[in-house]
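Commentary on secondary and tertiary structure
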Amino acid sequence: MVFQSLKRLNHQYEVTTGLYMLESWEKYIVNGIICASFALLIYTAVNHLPTHSVSIVNQLSNYAAS
Amino acid sequence: MGKGKRAIQSYKSTEFIEQARDAEGLVLGQNPFKAAPSTSSSLLSCETVCEQQPIKANTEKKGGQQTVSETASPTPAPSSSEEKEKGSSELEAVPSFILVSTYLSFLLLLVIAHMRDFFGKLFYPENYVQLREQNGYAPMVSDFESLWSRRLYGRIRDCFNRPITGVAGGRVHLLDRVSHDFNNTFEFTGRVREVLNLASYNYLGFAQSHGPCADKVEQAIRENGLTHGSTRAEAGCSRLLAETEEMVARFVGTEAALIVSMGYATNALNIPALVSKGCLIISDELNHSSLVSGARLSGATIRVFGHNNAHSLERELRRCISQGQPRTHRPWKKILVVVEGLYSMEGETCCLPELIDLRRKYGFYLFVDEAHSIGALGKRGRGVCDHFGVDPREVDVLMGTFTKSFGAAGGYIAGNRALIDYMRLHSHSAVYSEAMSVPVLAQVSSSMRMIMGEDREHALEGQQRLDQLAINSRYFARRLREMGFMTLGDPGSPVVPLLLFSLGKIPAFSRECLRRNIAVVVVSYPATSIITGRVRFCISASHTREELDYALEQVSEIGDLLMLKFHKNTTTAAGENTKKLQ
């Protein structure tokens, strides 16, 4: 059941982005690039977002106070 | 006319006009410039609506270049009837996610196409021999221009040009084929599959191998042989041909008609007989390529107006009439406005009443290509003039084909007797190409007789077919719209295009339909603009209600699978139901 709906979602994703027309090795390459960029995004977010957001809040409070 | 005569004529037209002058050299009497009327003429006074619209940035297309416009026409003409859903307003109602995803998918596919070309030429140069210059010879195929057909169309080539066998009626037999190397080569599996045929132009269901028309064709072959063996002008004018031409003229409502054996050639070879260099052709931007061919072949100046937009036509007319011929600014010899009765990619009819009004005002010649509308529109099936209730004598040249509604091939040109007599002598199709072959002519004759109701044994069948087509097409379009699909076209048009937009959905739709035993035609660039890929259903009178219901069920399932149902239903079903046969 879950498999069926996953397959359907995958089909919809392929058809909307145009990956449906590519050969399978091209699909792997494109999906690989998309996954790699997502992974990079998530890594950067997890590593730097807490400290970055704390420093932004500090700067804003400094501007507000002075 | 030789060169000498032309020179004399041109001299005369630029002859100095002698004015009476007084002693100081000033013009006596009325100065021609001061004598111009200061009040607006009758022409200008009617066009208050047009004058209020400022002429926007130059939208003139270069003469001879018909580009397929990407964006919809600027403003829908306010005088168009409300029941006609214009393509432009439909496109504005598309959710932006669909448009954005279409553009992005195109970007992705193009990037991949270019990468594949780059790496392919690097690692497998022997596969790209036709694109490179070698031994001092220029490349055979242009690299950039063949990118579409190699890399994008080639990937989905199995959805187009599917081989069929047998009669292409309401059902057709498809030869199954399979490809092992991504559509480079195909091989036939040997299976023949019967599918529901929503792809063939078979509006009145005359594509039959049995029946009264086929019997008459057989009889005509036994009497007249298979071919006329000559051009119509020399020895090919038989009684059958003359009678059929007269019948066509009577059917369409004009004085005379000329039959040409090929539909494309009817336009391509007869427009050059009507206009020549020094004339002006103003044609709709979405005209068929046969009209474009004919216009370019004639050597006349070509201008394009926005699709079905009478105001755009008027602006173009006024601009061209005021400017005159391109370099010399002489008045045009003739102005021919070329439109189609029913545009098959949009399912829309032309705005004929407005065109007739403009014709009365400006005095141009009107050419209506009724390839899809003859036999399919109108209460008696007489085409777009019957549909709008316009006298066919108001249109100067009525052209049509026998392919769609009559189950034959070829085309005709109809008009008043002087025009057709002139065309019989001056048109290349009448003088140089062979007369229509006997079986096709007999099919035309018998099907037309049946539609007109003149066939004594099948007196009611013609009208039955017309009614059935009207019912089928209205039912199909209404149900599709109710389901939430975005369809184009006027109610009553036998062609129902359904918008698919994204390039990924086009082959997906076609293959899903084939899996469910339905044959459809999907269209993408370059036949339509680049974001509006569509599937075009051709409804026929030979489709039964069960077949249409089956097709609608399957299309609904596929629409759910591919997320195609994004049309918001604003009109109620009751409103559509009241528009019965007209």
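Small disclaimer: the values here were computed from a predicted structure and weren't measured.

On to the pattern of salt bridges. All names here are of chain B. Inspection of the entire model under this criterion finds 33 salt bridges over all chains. Of the charged contacts, one joins R319 and E316 as a salt bridge, the two residues approaching to 3.5 Å between their closest N and O atoms. Placement of the pair is R319 and E316 together in helix α11 (residues 310-323), with a separation of three residues, close to one helical turn. Among the charged side chains, a salt-bridge network with shared partners connects D117, K121, D143, R150 and R151.

What follows deals with the packing of helix α17 (residues 461-483) of chain B against helix α19 (residues 545-562) of chain B. Residues and elements named next belong to chain B. Contact geometry for α17 and α19: axes closest at 11 Å, N-to-C directions at 20°. Judged by the angle between their axes, α17 and α19 are roughly parallel. Note on packing geometry: the crossing formed by α17 with α19 is right-handed. Facing α17, whose interface residues are I471, N472, Y475, F476, R479, L480 and M483, α19 presents R545, L548, D549, A551, L552, V555 and S556. Considering only residue class, the contact of α17 with α19 consists of nine nonpolar, two polar and three charged.

With that out of the way, let us pick up the interface of chain B and chain A. The extent of an interface is frequently quoted as the accessible surface area lost upon association of the parts. At the interface, 22 residues of chain B touch 15 residues of chain A. Taken together, both faces of the contact between chain B and chain A bury some 1700 Å²; the carbon and sulfur share is 66%. There are three salt bridges connecting chain B and chain A. Linking A:E26 and B:R155 is a salt bridge whose minimum nitrogen-to-oxygen distance equals 3.0 Å. Applying the counting criterion to the chain B and chain A interface returns seven residue pairs in polar contact (both at pLDDT 80 or more).

Right, let's talk about the sheet that holds strand β12 (residues 411-415) of chain B for a bit. Residue and element names in this part refer to chain B. Across the sheet, seven strands lie side by side as β4-β12-β11-β10-β7-β5-β6; this open sheet has mixed pairing. Where the open sheet ends on each side, the last strands, each with one partner, are β4 (256-260) and β6 (301-305). Direction aside, neighbouring strands of the sheet carry axes that sit 20° apart on average. Taken together, the four bridges between strand β11 (residues 397-401) and β12 define a ladder with antiparallel strand orientation. Within β12, the residue paired with L398 across the bridge is A414.

On to the environment of B:L274. Within the fold, B:L274 resides in helix α9 (residues 263-274). Spatially, the C-alpha atoms of B:L274 and B:H426 are 8.9 Å apart, while their sequence positions differ by 152 residues.

This part takes up the environment of B:T403. Residue and element names in this part refer to chain B. Position of T403 relative to the elements: it lies in the loop between β11 and β12. When its relative accessible area of 31% is taken as the criterion, T403 is described as partly exposed. Separated by 140 residues in the primary sequence, T403 and G263 have C-alpha atoms spaced 7.6 Å apart. Leave out the neighbours within four places in its chain, and T403 touches Y201, A408, A409 and G410.

Right, let's talk about unusual backbone geometry for a bit. All names here are of chain B. Of note, the amide linkage connecting Y525 to P526 takes the cis form, showing an omega dihedral of 0°. Assignment of secondary structure puts P526 in the loop between β15 (521-523) and β16 (534-538). One non-glycine residue with positive phi stands out, namely N161, at about 55°. Here the phi dihedral of M563 falls at roughly 55°; this positive angle occurs in a residue that is not glycine.

A separate point is the packing of aromatic side chains. Residues and elements named next belong to chain B. Inspection of every chain in the model, using the stated rule, returns eleven aromatic pairs over all chains. A centroid spacing of 5.2 Å and a plane angle of 70° characterise the contact between W148 and Y525, whose relative ring orientation is edge-to-face. Within this pair, whereas W148 is found in helix α6 (residues 147-152), its partner Y525 is found in the loop between β15 and β16, the two being separated by 377 residues in sequence. The buried category is assigned to W148, whose relative accessible area is 19%. With a relative accessible area of 34%, Y525 lands in the partly exposed category. Over the ring of F206 we find R465; its NZ or CZ atom is 4.3 Å from the centre of that ring.

Residue and element names in this part refer to chain B. Direction of pairing for strand β1 (residues 164-165) relative to strand β2 (residues 171-178): antiparallel, over a ladder of two bridges. Among the inter-strand pairings, I164 is bridged to a residue of β2, identified as L174. Adjacent in sequence and paired antiparallel, β1 and β2 are bridged by five residues, among which G166 carries a positive phi angle near 80°. The sheet contact formed by β2 and strand β3 (residues 187-197) spans seven bridges and is antiparallel. Note that in β3 the partner of L174 across the bridge is R193.

Taken together, the side chains of B:V100, B:L104, B:L107, B:V111, B:M115, B:F118, B:F119, B:L122, B:F123 and B:Y124 define a hydrophobic patch exposed on the protein surface, amounting to about 1100 Å² of accessible area. Judged by relative accessible area, which is 52%, B:L104 ranks as exposed.

Residue and element names in this part refer to chain B. The strand order β13-β16-β15 describes an open sheet built from three strands, whose pairing is antiparallel. Each edge of the open sheet carries a strand with a single partner, namely β13 (495-499) and β15. In this sheet, adjacent strand axes meet at a mean angle of 30° when their direction is disregarded. With three bridges connecting them, β15 and β16 associate as antiparallel partners. Looking across to β16, one finds that V521 is bridged to R536.

The rules behind each value
Every chain's residues receive numbers from 1 upward, in the order its sequence appears when written. To label them, take the chains in the order written and letter them from A, then take the ligands in the order written and number them from 1. Thresholds applied to this predicted model are a pLDDT of at least 70 for local features of residues and 80 or more for the giving and counting of side-chain atom pairs; totals over whole chains, interfaces and linings are not thresholded and use all residues. Computation of side-chain values covers all heavy atoms of the structure but excludes hydrogens and water. Throughout this description, the term salt bridge denotes a Lys or Arg side-chain nitrogen within 4 Å of a carboxyl oxygen of Asp or Glu. In this text, helices come from DSSP runs of H or I with a minimum length of four residues, and strands from runs of E with a minimum of two, each type numbered from the N-terminal end. What counts as an axis is a line fitted to C-alpha atoms, over the stretch in contact for a helix, and the angles between N-to-C directions run from 0 to 180 degrees. Oblique is the label for every angle not falling under 35 degrees (roughly parallel), over 145 degrees (roughly antiparallel), or within 65 to 115 degrees (roughly perpendicular). The hand of a helix crossing depends on one turn: near helix anticlockwise from the far one by less than a right angle means left-handed, and clockwise means right-handed. Residues are treated as being in contact if the distance between any of their heavy atoms lies within 4.5 Å. For this classification, Asp, Glu, Lys and Arg are treated as charged, while Ala, Val, Leu, Ile, Met, Phe, Trp, Tyr, Cys and Pro are nonpolar and the rest, including Gly, are polar. Buried area: the sum, over both parts, of the accessible surface (1.4 Å probe) that disappears when the two are put together. Throughout this description, a polar contact denotes any pair of N or O atoms lying within 3.5 Å of each other; where both atoms belong to protein, one of them has to be capable of donating a hydrogen while the other can accept it, and for residues adjacent in sequence the pair is counted only when both atoms sit in side chains. A strand pair is defined by DSSP finding two or more bridges across the two strands. Burial status follows relative accessibility: with a 1.4 Å probe on protein chains alone, a residue under 20% of its type maximum counts as buried, one over 50% as exposed, and anything between as partly exposed. Aromatic pairs are defined between Phe, Tyr and Trp rings, using the six-membered ring for Trp, whenever the two ring centres lie within 6.5 Å; interplanar angles under 30 degrees are classed as stacked, those over 60 as edge-to-face, and all others as tilted. Two conditions define a charge located above a ring, namely a distance within 6 Å from the ring centre to NZ of Lys or CZ of Arg, and an angle within 35 degrees of the ring normal. What makes a patch is a set of residues exposed beyond 30% relative accessible area and free of salt bridges, joined within 9 Å when like-charged and within 5 Å when nonpolar (Val, Leu, Ile, Met, Phe, Trp, Tyr). All accessibility values rest on the Shrake-Rupley procedure with a 1.4 Å probe; residue burial counts only the protein chains present in the view.

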